[in-house]
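What the coordinates show
The lines below spell out each chain.
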Amino acid sequence: MINLSTTYLGLKLPSPVIVGSCGLTKSLKALQACEAAGAGAVVLKSIFEEQILAEAEGQVPDEEGGLFHSEAYEYLQEYGEENALAASLSLIREAKRCLKIPVIASVNCRTSNRWEEFIHRLEKAGADAIELNINLLSSDARLAGPELEARYEELLAQVRETATVPVALKLGYHFSALAAFLFRLSHSGPKGLVLFNRPFFPDFDVEKLELTTGRYLSSPTEYQMPLRWISLTSGRLGCDVCAATGIHSGETAVKLILAGAHAVQVVSVLYEHGIESIGRMNEEIRLWMQRHDCQRIEDFRGRLRQVDSPNPAAYERVQFMRHTAGIE
Ligand SMILES: Cc1cc2nc3c(=O)[nH]c(=O)nc-3n(C[C@H](O)[C@H](O)[C@H](O)COP(=O)(O)O)c2cc1C
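Residues numbered from 1 in each chain as written. Predicted model: local features only at pLDDT ≥ 70, side-chain atom pairs only at ≥ 80, totals over all residues. Heavy atoms only, no water.

The periodicity of an α-helix, 3.6 residues per turn, causes residues three or four places apart in sequence to face the same way. Counting buried positions along helix α8 (residues 250-259) yields eight of ten residues, so the element is predominantly enclosed. Regarding α8, the residues found buried are Gly250, Thr252, Ala253, Val254, Leu256, Ile257, Leu258 and Ala259. Those residues of α8 that are buried lie in contact with α7 (224-233), β12 (240-244), β13 (263-266) and α10 (277-291). The first or second residue beyond α8 is glycine 260, which carries a positive phi of 130°. (Buried < 20%, exposed > 50% of the residue type's maximum accessible area, 1.4 Å probe, protein only. Helix = DSSP H or I, 4+ residues; strand = E, 2+ residues; numbered from the N terminus. Contact = heavy atoms within 4.5 Å.)

Time to look at empty space enclosed by the protein. Scanning all chains against the criterion turns up one cavity of 30 Å³ or more. In this structure, the largest cavity occupies an estimated 60 Å³ of space. Around the largest cavity, the lining residues are Asn135, Leu136, Leu137, Ser138, Tyr152, Gly172, Tyr173, His174 and Phe175. Its residues assigned to classes, the lining of the largest cavity comprises five nonpolar, four polar and no charged. (1 Å grid on protein atoms, 1.4 Å probe; cavity = no way out; pocket = protein on both sides within 12 Å on 5 of 7 lines; lining within 4 Å. Points joined across faces, edges and corners; volume = space filled by probe spheres on them. Nonpolar A, V, L, I, M, F, W, Y, C, P; charged D, E, K, R; others polar.)

Before going further, it helps to examine unusual backbone geometry. The omega torsion of the bond from leucine 195 to phenylalanine 196 falls at 5°, within 30 degrees of zero and hence cis. Mapped onto the fold, phenylalanine 196 is located in the loop between β9 (192-195) and β10 (202-205). With a phi angle near 55°, leucine 209 is a residue other than glycine that sits in the positive phi range. For leucine 209, the position within the fold is in the loop between β10 and β11 (210-213). Take leucine 209: its relative accessible area is 73%, and that puts it in the exposed class.

Structurally, histidine 273 can be placed in helix α9 (residues 268-273). The spacing of histidine 273 and histidine 248 is 25 residues in sequence and 9.4 Å in space, taken between C-alpha atoms.

Okay, the site of the ligand next. The environment of the ligand is made up of 18 residues, and the closest members are Ser21, Ser46, Ser218, Gly246 and Ser268. Contacts to the ligand include serine 218, whose side-chain N or O atom sits 2.5 Å from an oxygen atom. Within the backbone of valine 267, a nitrogen or oxygen atom sits 2.9 Å from an oxygen atom of the ligand. Contact with the protein chains covers 89% of the free accessible surface of the ligand, which is 610 Å². The residue inventory of the shell around the ligand, partitioned by class, reads seven nonpolar, eight polar and three charged. (Near = heavy atom within 4 Å. Polar contact = N/O pair within 3.5 Å; in protein donor to acceptor, adjacent residues only side chain to side chain. Areas by Shrake-Rupley, 256 points an atom, 1.4 Å probe, with all protein chains shown as cover.)

The next subject is the layout of surface pockets. Roughly 980 Å³ of volume is contained in the largest pocket. Contributing to the lining of the largest pocket are 36 residues, with Ser21, Asn197, Arg198, Pro199 and Phe200 lying nearest its centre. Looking at the lining of the largest pocket, the elements with two or more residues in it are β13 and α9. At three residues, the largest contribution of residues to the lining of the largest pocket is made by α9. Split into classes, the residues belonging to the lining of the largest pocket amount to 17 nonpolar, 14 polar and five charged.

The next subject is the pattern of salt bridges. Summed over the entire model, instances satisfying the criterion amount to eleven salt bridges. In this structure, aspartate 140 and arginine 142 form a salt bridge, with 3.1 Å as the shortest nitrogen-oxygen distance. The exposure class assigned to arginine 142 is exposed, which follows from its relative accessible area of 72%. (Salt bridge = Lys/Arg side-chain N within 4 Å of Asp/Glu carboxyl O.)

It is worth spelling out the packing of aromatic side chains at this point. Counted according to the given criterion, the structure contains six aromatic pairs. With 5.2 Å between their ring centres and 75° between their planes, tyrosine 152 and phenylalanine 175 make a pair best called edge-to-face. Of this pair, tyrosine 152 sits in helix α5 (residues 145-162) while phenylalanine 175 sits in the loop between β8 (167-171) and α6 (178-186); the two residues are 23 residues apart in sequence, bridging distant segments of the chain. A residue is classified by how much of its surface remains accessible, and phenylalanine 175, at 11% relative accessible area, is buried. Among the aromatic residues, those joined into a ring-pair cluster are Tyr152, Phe175 and Phe181. (Phe/Tyr/Trp six-rings, centres within 6.5 Å; stacked < 30°, edge-to-face > 60°.)

Moving on, we get to the pairing of strand β7 (residues 129-133). Counting buried residues along β7, five of its five residues qualify, which places the element largely inside the surrounding structure. Of the two faces of β7, the one carrying Ala129, Glu131 and Asn133 and the one carrying Ile130 and Leu132 are both buried. Examined bridge by bridge, strand β6 (residues 103-108) and β7 share four bridges and lie parallel to one another. Counterpart to alanine 105 in the pairing with β7 is isoleucine 130. (Pairing = 2+ DSSP bridges.)

Structure, rendered in structure tokens:
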């Protein structure tokens, strides 16, 4: 009997295919559809501190409204934040009531002093785990790599002290010494790393000469970035790894598990081909396992990682040279 169940962040998942945080995980109906299609877990749409604060601002009447008394302002500000958070907290409660699969809340904060509070609220609402969506773009020419990396470590340290449920960190890949950073982070307390977040990309409209939105869905070849880094680091990290970005098929999910991932997250494929894609991916994984005589995910997880490879140098090739890459 082939069994797709796996463990990620200490949670039992019926399938390694998790629905990543996106617009499809912000209503109970869509979450139920994800579970019915065979998802192993769901990561809810991130709660963005920025957005909560902006919505809260919208609830506070301006000075001309005649209510500009500091205590009243504070009260209304808090009330606004409360309202803005309420929808997310109630979705967690409903999801926990209606779903059997784990419900992972996601939070993105701008200022470090609000993380603890948000996380406490999400836990109280029933989230099985928290995914921290941290994406600090290294765009400040005065901010050196170690300083930026230290910010991630500080945020993680704060959250680790507060959180009672497992915490995963979802990261981008713009770090200069990625393997060393992942190693250090993974040994400083998270239960999991999600590798990698695909950021929002701007683009240019060359007719209007304006900044526009870039393609927001991944292409099916983008999995090669997580594949490289998960296979290079698997067996050396101190926590679970969930692969993300460019995973559009069961075959690709198998590749990432062979690299060492405990689970995979999918988003773009669901936008492009519907939530039913999860069922197709599960079936493709099952058929592959059948062909390769694997009963459980653990039978093949990490089988192609660098640490166990007879040819570890092959994982570190970066140049297109004919005698190594066989191209040209
Ligand atoms: C429309 C949309 C909304 C997203 N919203 C979030 C979000 O709120 N929080 C987050 O951590 N990631 C968010 N993401 C990123 C996805 O969770 C995922 O990491 C990324 O799309 C790469 O996976 P994919 O290649 O399967 O799409 C969003 C992606 C899309 C396309």
